[in-house]
There are 2 protein chains.
Amino acid sequence: MGALDNSLDTTPGADFIDTLSQKVLENDRTALAKAITLIESTKKEHQSLADKLLEKCLGNQKESVRIGITGVPGVGKSTFIENFGNFLIKRGNKVAVLTVDPSSTENKGSILGDKVRMETLSNEKNAFIRPSPTSGSLGGVARKTRETIILMEAAGYNIILIETVGVGQNETTVRDMTDFFLLLKLPGAGDELQGIKRGVMEMADAIAINKADGHNVKSAETAKQEFSRALHLFSAKENGWVPKVMTCSALENKGLEPIWSCIEKFVEHTKENGHFSNTRKLQNKKWLRQHLNHILLQDFYENPTLSASLSLLEEKVMKSEITPFTAAESLLRDYRKTY
Amino acid sequence: MGALDNSLDTTPGADFIDTLSQKVLENDRTALAKAITLIESTKKEHQSLADKLLEKCLGNQKESVRIGITGVPGVGKSTFIENFGNFLIKRGNKVAVLTVDPSSTENKGSILGDKVRMETLSNEKNAFIRPSPTSGSLGGVARKTRETIILMEAAGYNIILIETVGVGQNETTVRDMTDFFLLLKLPGAGDELQGIKRGVMEMADAIAINKADGHNVKSAETAKQEFSRALHLFSAKENGWVPKVMTCSALENKGLEPIWSCIEKFVEHTKENGHFSNTRKLQNKKWLRQHLNHILLQDFYENPTLSASLSLLEEKVMKSEITPFTAAESLLRDYRKTY
């Protein structure tokens, strides 16, 4: 693998991508990690290599189910994913775990954190755990996660679990790259039913009340009934799927079987009525839009002949000498002249 | 005011913007409402008129304080803003109330809602209440709110209250267009202190524990102490301001005076050390970036010669016949050729 063996600092030779993609398709873990590093790199030469790599992976993907998993901090997502992942692997699946959490940029220790918190799963040869890319904005994180999904599927992973923390727009982002959306909840519904979480509930294909163990078994049942009633108030989904509410205890490995069986039924149902492939098509369209917007802006901001006037006009806008409108129009005119 | 008197459907004459800006500067309420409609319009000819209007307003603005107000649903934001607004007007200020809430697009009744929920304030001649623009994305809403602030200041409003609901990125957006950020909280801290709300707490220049009335007076005091302790754990702000924690009862008009006095001290402090104007400069820079990104993408997507190839390539990406990377590169090449 030549120049990239130990780092991505130098630009590798022409056959590098051929070799790397071959190794990714063979599920070589070192190559996979390197490929992800390439995808997450912000250097322009790496991005163009990453695009080439992904070109080779697209069309060579394993048929997969992409599952989004969300819930507030403390709901037990890590334990759930660890035990659900192990459950799936025992049934012959290969499981990739990705995370979308732009806020984790502040906490660079998240790689270690993920390894520690999913110890048994990370030691499984049929599991691959990758924490959130630390690239800043939600848009950037989303783009890189989407690309990592392709890599994972090319490497033969057939179940992709994408975890996110339950805040604001993260869920919508993860919804836009998954087939099935699972919402984890705590026993004791109450406040959870109201307010801002409604949007997330509407996205869910299933809700699992976790921590249904010990003293919580009864309150989990109550919560299940409350959520079932609440879900009935939402209008029917276009794909004809009726969201399910279940209880589970990730800690005690209880209730994982029904959740998987629910996901299997969902896949069967939506493949039958065409919504599975239709959703993926629409997601591809969004992916194109996001990538297109990204390279359009990149083409402007990385144009060396514009950087001087950008700085100058920025300075003037900061001092309120000209308006953002005048400055932007002038920059657009300059940009057009460069072609 | 000619052609725009009753609607914005037709393109008005050349002196329209002169007349409209003049009336805005005179704080003519009908003109203000019309100007906002122009700003919020998505038609390209309206956008260019809106830019011209804002050019005339920039530099003619009243010296102002822009205050962001956030808190979870149920914390009493409407009551707080209504009574705080009335309090400020009694002291000779002119108060504009804007809202940033992209989710309100789903609920077109929000205009009526805002008028009803702030009845006494909306009848004040020195108050102007404007609900969230219904333009979809957070980026679009932010841009239009930023522009509306300029209008309001040109019309002589010297206190701009910008309300947002406490979800995800909204707060960051509002933080980026205000001088002072006030977080409203409920008595009974507990859960509030942990997890995802930390980022919002770090943004706050002051926290007001609202509903400190009746049975809640004691728990509000406890919450105040807890939040004060929690704030001490954060690193000092660059502007040297130490965030304050207060209690209030918007309903009973209690504790509003200390909040205003805190804001006055903040303004004095940050004007003295230069951070007030420096923050506004950096906000102007961000504003330019946002507007620039908007017109760069608009220039691509509204180019009629590209729409056919965009549709064609979108179709191919949806069917996985080509990758988003190949499609985007090809579109960028086509775009460059148009100049």
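Residues numbered from 1 in each chain as written. Chains lettered and ligands numbered in written order. Predicted model: local features only at pLDDT ≥ 70, side-chain atom pairs only at ≥ 80, totals over all residues. Heavy atoms only, no water.

### Looking at the relation of the copies chain A and chain B
For the pair chain A and chain B, the superposition axis carries a translation of 0.1 Å, the fit reaches an RMSD of 0.1 Å, and the rotation angle comes to 180°. Here the copies are linked by what is in effect a two-fold axis. Comparing contact sets, 98% of the residues at the interface of chain A also lie at the interface in chain B, consistent with an isologous, same-surface contact. (Least-squares fit on C-alpha atoms with pLDDT ≥ 70 in both. Contact = heavy atoms within 4.5 Å.)

### Quick notes on the packing of helix α12 (residues 275–301) of chain A against helix α13 (residues 307–318) of chain B
At a closest axis distance of 8 Å, the pairing of α12(A) and α13(B) adopts a crossing angle of 125°. With respect to their mutual orientation, α12(A) and α13(B) come out oblique. Classified by chirality, the crossing of α13(B) by α12(A) is right-handed. When α12(A) is examined against α13(B), the residues Lys281(A), Leu282(A), Asn284(A), Lys285(A), Leu288(A), Arg289(A) and Leu292(A) are found in contact with a partner set consisting of Leu310(B), Leu313(B), Glu314(B), Val317(B) and Met318(B). For the contact of α12(A) with α13(B), a count of residues per class yields seven nonpolar, one polar and four charged. (Axes fitted to C-alpha atoms, helices over the stretch in contact; angles between N-to-C directions. Helix = DSSP H or I, 4+ residues; strand = E, 2+ residues; numbered from the N terminus. Parallel < 35°, antiparallel > 145°, perpendicular 65-115°, else oblique. Left-handed = near helix turned anticlockwise from the far one by under 90°. Nonpolar A, V, L, I, M, F, W, Y, C, P; charged D, E, K, R; others polar.)

### Some points on helix α4 (residues 77–90) of chain B
Residue and element names in this part refer to chain B. Between its first and last C-alpha atoms α4 spans 20 Å; for 14 residues at 1.5 Å apiece the expected length is 20 Å, and the two agree. Within α4, the full set of buried residues consists of Lys77, Ser78, Phe80, Ile81, Glu82, Asn83, Phe84, Gly85, Asn86, Phe87, Leu88 and Ile89. Just downstream of α4 lies Gly92, where phi reads positive at about 90°. (Expected span 1.5 Å × (residues − 1). Buried < 20%, exposed > 50% of the residue type's maximum accessible area, 1.4 Å probe, protein only.)

### Structural notes on the interface of chain A and chain B
If you look at the interface, chain A gives 45 residues, while chain B gives 45 residues. Across the chain A to chain B interface the summed buried area is about 4,700 Å²; carbon plus sulfur atoms make up 73%. Three residues, Leu288(A), Met318(A) and Phe325(A), lead the burial of chain A against chain B; their summed loss comes to 16% of the area buried on that side. Taken together, chain A and chain B are joined by six salt bridges. Measuring nitrogen to oxygen at the nearest pair gives 2.3 Å for the salt bridge that ties Asp299(B) to Arg336(A). (Buried area = accessible area lost by both parts, 1.4 Å probe. Salt bridge = Lys/Arg side-chain N within 4 Å of Asp/Glu carboxyl O.)

### Observations concerning the nonpolar core
Grouped together as the largest cluster of nonpolar side chains are 52 residues, with contacts concentrated most on Val24(A), Leu151(A), Met152(A) and Ile207(A). No other element matches the eight residues that helix α7 (residues 138–154) of chain A contributes to this core. Both of domain 1 (2–10 + 19–57) and domain 2 (61–275) of chain A provide at least three residues apiece to this core. Every residue in contact with Val24(A), bar those within four places of it in the chain, is listed here: Ala31(A), Leu32(A), Ala35(A), Cys57(A), Leu151(A), Ala154(A) and Ala155(A). Judged by nonpolar contacts, the second largest core, of 51 residues, contains Leu38(B), Ile162(B), Phe181(B) and Met203(B). (Core = buried A, V, L, I, M, F, W, Y, C linked by side-chain atoms within 4.5 Å. Domains from an automatic or database assignment.)

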